[in-house]
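If you want the building blocks of each chain, they are given just below.
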Amino acid sequence: MAPRITGDDVRHVAKLARLRIDDAEVDQFAGQLAAILDHAADIEALDIDDVPPTSHPVPFDNVLRADESGPCLDRDEVLAQAPHVEDGRFRVPRILDEAQ
Amino acid sequence: MSWETVIGLEVHCELSTRTKLFCSCPNEFGAAPNTNVCPVCLGLPGSLPVLNERVVEFALRLGEALEFEVPAESIFARKNYFYPDMPKDYQVSQYEQPILVNGRLEVDGTAVGIHRAHLEEDTGKTAHISPTGRIHDAEYSLVDYNRAGVPLMEIVSEPEIRSSEQARSYVQELRATLEALGVSDVKMEEGSLRIDANVSLRPDGASEFGTKVEVKNMNSLRSLGRALDYEVERQRGLLEAGEAVVQETRHWDEGDGRTKGMRSKEEAFDYRYFPEPDLVPVRPTAEWRDRVRATMPELPAARRARLIAEWEIREDDARTLLASPEKIGLAEAAVALGAPAKRVANIVINTPDVSALSAGHLAELVALEGDGTISKTVSKQVLDKVLAGEGSPREIVEREGLANESDEGELASAVDAVVAGHPDEVAAYREGDEGKRKKIRGFLMGQLMKQTQGKADPQTLNRLLDDRLP
Amino acid sequence: MSERAFDIAAAVRAGERSARSVVDEHLAQVARVDGDVHAFLHVLGDEARAAADEIDRRVAAGEDPGPLAGVPVALKDNMCTRGIPTTCSSRILEGWRPPYDATVVDRIRAAGGIPIGKTNLDEFAMGSSTENSAFGATRNPWALDRVPGGSSGGSAAAVAAGMAPLGIGSDTGGSIRQPASLCGVVGVKPTYGRVSRYGLIAFASSLDQIGPFAGDVRDAALLLESIWGPDARDSTSIPTAPDPLVQEIDRGVEGLRVGVVGELTDVEGIDPEVRSAVEDAARLLEKAGATVDRASVPSTTYGLSAYYLIAPAEASSNLARYDGVRYGLRVDGPDVEGMNAATRAAGFGAEVKRRIMLGTYALSAGYYDAYYGKAQKVRTLIIDDFARAYERFDVLLSPTSPTTAFPIGAKTDDPLTMYLCDVCTIPVNLTGACAVSIPSGLDATGLPIGIQVMAPALGEAPMFRAAKALEDGFAFAATPALAGGAS
Ligand SMILES: [Mg+2]
Ligand SMILES: [Zn+2]
């Protein structure tokens, strides 16, 4: 039987999750995730197509606030927590994924 | 082979609420970087969103205007992907259950279907710092989160647009509608209206769609038209050369006048949407929708029809007026003061810049024309002086003695003199056919206007001339 | 055991005792025992003393500082405190000082309570032993070689060791009740939406709920009453104000219908002493006037599987924001993606990474329906099953944890066995209902056993009445030896 989770699966998921992982971790995660998913096989097997999903444990709706402005944070207090700041803004390394 | 163009448009429109979508920070353009931020729109750990009521109301207004269905329940979902201008590294948007579905927009007599409209939060703004100013040369980037969390409505048309001209008309009409509804500033240049287009070609008569390309980064109506024309031609070239169109996202480069492919990442499309657990469903009640219905403003198409019927102006004049909030506002205000609409519309349409003209002055000017105090020729001079800030029309007319000559005796002798001074013309008039007579009469009127420096009332002059011409 | 918050607040409000002396005594106990226990990540010595002085000034001025007047409260370090380090026991948030206070912190202060420190937890509340902390494990005050449970092990241990009369925890799958059970204190998971989550750093948003730790049932009610109620900053906060709770607890259980949930009692690996404690609990309630029968909630057996898909999925999204851009750790990289990935690799511990990976997988294209979607349907089944059970019963009983405190290190190599610690508590989170763990006594090795009392959503009043009746019946009065110093 093919393994439930392959090394390529793990690498793909790590990329989606923005986690740098090494080869040892790839193997480790493949085994551990497979074990957890094997445990979840009991619900995979359930035939419950007609059951509606529950995403909120609370039954209410239309929780809204009036369109009235309130206080903002002090910029210095916010930027004091940032790893790298320039010119009142958050500085980040170059971004690669736009137009060529 | 001939090809049919298939275009679908996704319009992102910033809503002009006072505050952001999920927090009470001001929704304003141009504040100092990172000053309109709070724990919620900065996505700080522990913060939670609370939905702005007015955003839903704005959506319901659009729903009324574009005949959308309003599903009983809509929910928010998280769209997960990493980008530094997104403080939570997910965007709260709507996915499977949007607020509006199945709308339509009348564009030049054709209905374009609108698949859906949904609410979502805007991102922050990233400035790419590079020696050349281009992103691919950037050394680093700076992020300002003032725009993060500003409410957006994404309006997704059906692929029912068949040309770049129709696409422009669609956007123009949608823009006018959003503006009339008071839900958006619709400034493309400031980014409050952003347009992505899905473009494909198929052989004429085919029912299957061709491979579509998403075109982004068009910052004006003009660039939308140029980008679509370019992309349609690019695809036509590929197809006619027997090559395949690749499904991809392309960026419009205004400077180069070309669309360019973007690097795509294999995981870029796996957004892992799931229902946003921090928000509860929105269920617009009947009372809520009734309330919105009762306060709907007049929509562009209805307004246009009203102007054509009531003001007795042409459709293109109505469109010209409505294209400028300033002009239509001025004209309506002057009409409200009792000025004749048709003449008001005519003056406003023919005045390039009306910013210095008040409705009161405009109405006064039209009234001076109407009661015969000034002629249209003088009226134009008076208008120029009003625009130059020299006073009210009445003040200018009085100060500069521009009122019509009202002494009919004086006018009569001027007419006598002109008739006497041009015997050949008068003779030719007697002999001439309809066209000739008209021409000569025009010439004589011109001479009279010259003599009276335009101050004579043309009606009186005409009557006096009639008496003297055979 | 150490002093009750109820008595402290009464004495402080009456001007019989200074808040400052209360705080000083508890800080002294922290100094005495926390080197061994390691319940606190950050002790708020100066801040707590200043707050106490302010309470004393107000009492002297004839004001009433509120129902928690002068009572020290230990805060789990996933509650935001303005200007005070808030780490979630993670390297990725090390040194972060939030620019705002959580609603629960505001409310504790408004009631006269005094935050005395930030307590240890499993990183981002993911764990059942408080061993997954980047800043070292917390030890069980009853036996220092054992875990206190988790993830709110720091707050549970702080209360058990007499370092604070009250503690605040968060419970996503049992993170208040299980450590309360292992530490011999009372721990409450209120109805989802009863206590505002604003300022609670999210683990799994549809499951997380803040609740109290206390030395007895009345203190737990007192703290819960001080922190619950509607909050306009949390869309999932229940909009109706709850009825007062403290006055309810002594009403007894005459006529209360009590069910013992078979599926949560006959679980794999249950300790026989724990099992017999549940039977004792049923008998005590019956003796006090309740009717007792066996209850069945069949689909709870799927609870663990559903939970370990839903919670990691939500967590994978909630924890995306730790990307090195705005706050916390940054590890440089050649580009922004590299920086994000390096930061997250260095900043998160193994269990957090595991759950992010699992949750990302469960939501990813092609797997959503099989995993996350399916788990949400199971959630519906469990809700429906409980609803049927609550047609016959007012409250339900089960063990809180299948076992008493296990040795440090015993389960760290096998995530699945650790996950099984929460098999009895998880179903309540999936339904959004409420539950409390109260100590019944000690096992043969001297470790506390906990009983779980469950009630439907908004059923806190009958739940507390049953818990109080059990507390009176068990008359559990032992304290760990090292708690003796505080009084
Ligand atoms: Mg969008
Ligand atoms: Zn904000």
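Residues numbered from 1 in each chain as written. Chains lettered and ligands numbered in written order. Predicted model: local features only at pLDDT ≥ 70, side-chain atom pairs only at ≥ 80, totals over all residues. Heavy atoms only, no water.

## Points about a negative patch on the surface
For step 1, the next point in the chain: Taken together, Glu179, Asp185, Glu189 and Glu190 of chain B make up a surface patch of like negative charges.
For step 2, the next point in the chain: As for its placement among the helices and strands, Glu179 of chain B is situated in helix α2 (residues 164-181). (Patch = residues over 30% accessible without salt bridge, like charges linked within 9 Å, V, L, I, M, F, W, Y side chains within 5 Å. Areas by Shrake-Rupley, 256 points an atom, 1.4 Å probe, with all protein chains shown as cover. Salt bridge = Lys/Arg side-chain N within 4 Å of Asp/Glu carboxyl O. Lys, Arg positive; Asp, Glu negative; His and termini not counted. Charge placed at Lys NZ, Arg CZ, Asp CG, Glu CD. Helix = DSSP H or I, 4+ residues; strand = E, 2+ residues; numbered from the N terminus.)

## Concerning the coordination of the magnesium ion (ligand 1)
Residues and elements named next belong to chain B.
For step 1, the next point in the chain: Note on the magnesium ion (ligand 1): its protein donors are His12 (NE2), Glu120 (OE), Glu120 (OE) and Glu154 (OE). The metal-donor distances range over 2.0 to 2.7 Å.
For step 2, the next point in the chain: We note that the donor set of the magnesium ion (ligand 1) lies within a single chain, spaced as H-x107-E-x33-E. Here Glu120, found in strand β6 (residues 110-121), pairs with Glu154, found in strand β9 (residues 151-157); they are 34 residues apart in sequence, far enough to count as distant.
For step 3, the next point in the chain: Judged by its relative accessible area of 9%, Glu154 falls in the buried class. (Donors = N, O, S within 2.8 Å, 3.2 Å for Na, K, Ca; no water. Buried < 20%, exposed > 50% of the residue type's maximum accessible area, 1.4 Å probe, protein only.)

## A few points about the coordination of the zinc ion (ligand 2)
Residues and elements named next belong to chain B.
For step 1, the next point in the chain: Within the protein, the atoms that donate to the zinc ion (ligand 2) are Cys23 (SG), Cys25 (SG), Cys38 (SG) and Cys41 (SG), at distances of 2.3 to 2.4 Å.
For step 2, the next point in the chain: Around the zinc ion (ligand 2), the four donor atoms are arranged such that angles at the metal cover 100 to 117°; this shape is classified as tetrahedral.
For step 3, the next point in the chain: Binding-site remark: the zinc ion (ligand 2) is held by donors from one chain whose sequence spacing is C-x1-C-x12-C-x2-C. Of this pair, Cys23 sits in the loop between β1 (3-14) and β2 (51-52) while Cys38 sits in the loop between β1 and β2; the two residues are 15 residues apart in sequence, bridging distant segments of the chain.
For step 4, the next point in the chain: Accessibility expressed as a relative area gives 5% for Cys23, which makes it buried. (Tetrahedral: all angles 85-135°; square planar, octahedral: opposite > 155°, others 65-115°.)

## Some points on the sheet that holds strand β4 (residues 166-171) of chain C
Residue and element names in this part refer to chain C.
For step 1, the next point in the chain: The strand order across the open sheet built from 11 strands is β1-β3-β2-β4-β6-β5-β10-β11-β9-β7-β8, with neighbouring strands paired in mixed fashion. The open sheet terminates on both sides in strands that have one partner only, identified here as β1 (40-43) and β8 (291-295). Each neighbouring strand pair of the sheet contributes to a mean axis angle of 25°, computed without reference to strand direction.
For step 2, the next point in the chain: Pairing of β4 with strand β6 (residues 209-214), which is carried by six bridges, proceeds in the antiparallel orientation. Note on β6: the bridge partner recorded for Ile168 is Pro212.
For step 3, the next point in the chain: In the packing of helix α4 (residues 103-110) onto the sheet, the strands contacted are β2 (72-76), β3 (114-119), β4 and β6, and the crossing angle to β2 comes to about 180°. (Pairing = 2+ DSSP bridges. Axes fitted to C-alpha atoms, helices over the stretch in contact; angles between N-to-C directions. Contact = heavy atoms within 4.5 Å.)

## Let's talk about empty space enclosed by the protein
Residues and elements named next belong to chain B.
For step 1, the next point in the chain: Applying the stated rule across the entire model yields eight cavities of 30 Å³ or more.
For step 2, the next point in the chain: Taken as a whole, the largest cavity encloses approximately 240 Å³ of empty space.
For step 3, the next point in the chain: Lining of the largest cavity is provided by 28 residues; of these, Val40, Ser47, Pro49, Lys88 and Tyr90 occupy positions nearest its centre. (1 Å grid on protein atoms, 1.4 Å probe; cavity = no way out; pocket = protein on both sides within 12 Å on 5 of 7 lines; lining within 4 Å. Points joined across faces, edges and corners; volume = space filled by probe spheres on them.)

## What about the pattern of salt bridges?
All names here are of chain C.
For step 1, the next point in the chain: Evaluation of the coordinates by the stated rule reveals 81 salt bridges over all chains.
For step 2, the next point in the chain: Between Asp106 and Arg233 there is a salt bridge, with the nearest N and O atoms lying 3.3 Å from each other. Taken as a pair, Asp106 in helix α4 and Arg233 in the loop between α7 (217-227) and β7 (257-261) lie far apart in primary sequence, 127 residues in all.
For step 3, the next point in the chain: Taking the relative accessible area as the measure of exposure, Asp106 reaches 32% and is therefore partly exposed.
For step 4, the next point in the chain: Note that Arg294 is salt-bridged to Asp266, the shortest N-O span being 3.5 Å. Taken together, the residues Arg294 in strand β8 and Asp266 in the loop between α8 (262-265) and α9 (272-287) connect sequence positions 28 residues apart.
For step 5, the next point in the chain: Classification of Asp266 by relative accessible area gives partly exposed; the value is 41%.

## Digging into the confidence of the model for chain C
For step 1, the next point in the chain: The pLDDT averaged across chain C works out to 97; a share of 99% of its residues lies at or above 70.
For step 2, the next point in the chain: Two numbers describe this predicted complex: its pTM, 0.89, and its ipTM, 0.97. (pLDDT = per-residue confidence, 0-100.)

## Focus on the packing of aromatic side chains
All names here are of chain C.
For step 1, the next point in the chain: Under the counting rule described, the total for this entry stands at 21 aromatic pairs over all chains.
For step 2, the next point in the chain: On the basis of an interplanar angle of 70° and a centroid distance of 5.9 Å, the ring pair of Phe124 and Phe348 is categorised as edge-to-face. In this pair, Phe124 sits in the loop between β3 and α5 (153-160) while Phe348 sits in the loop between α11 (336-347) and α12 (350-363), placing the two residues 224 residues apart along the sequence. Both residues of the pair, Phe124 and Phe348, count as buried. (Phe/Tyr/Trp six-rings, centres within 6.5 Å; stacked < 30°, edge-to-face > 60°.)

## Some details on the pairing of β2 of chain C
All names here are of chain C.
For step 1, the next point in the chain: β2 sits mainly inside the fold: five of its five residues count as buried.
For step 2, the next point in the chain: Neither face of β2 is open: one carries Pro72, Ala74 and Lys76, the other Val73 and Leu75, and all of them are buried.
For step 3, the next point in the chain: In the classification by handedness, the crossover that spans β2, the intervening α4 and the parallel β3 is right-handed.
For step 4, the next point in the chain: Here β2 runs beside β4; their pairing, made up of three bridges, is parallel. By the bridge assignment for β4, Leu75 is matched with Ile168. (Right-handed = clockwise from strand over helix to strand, strands pointing away.)

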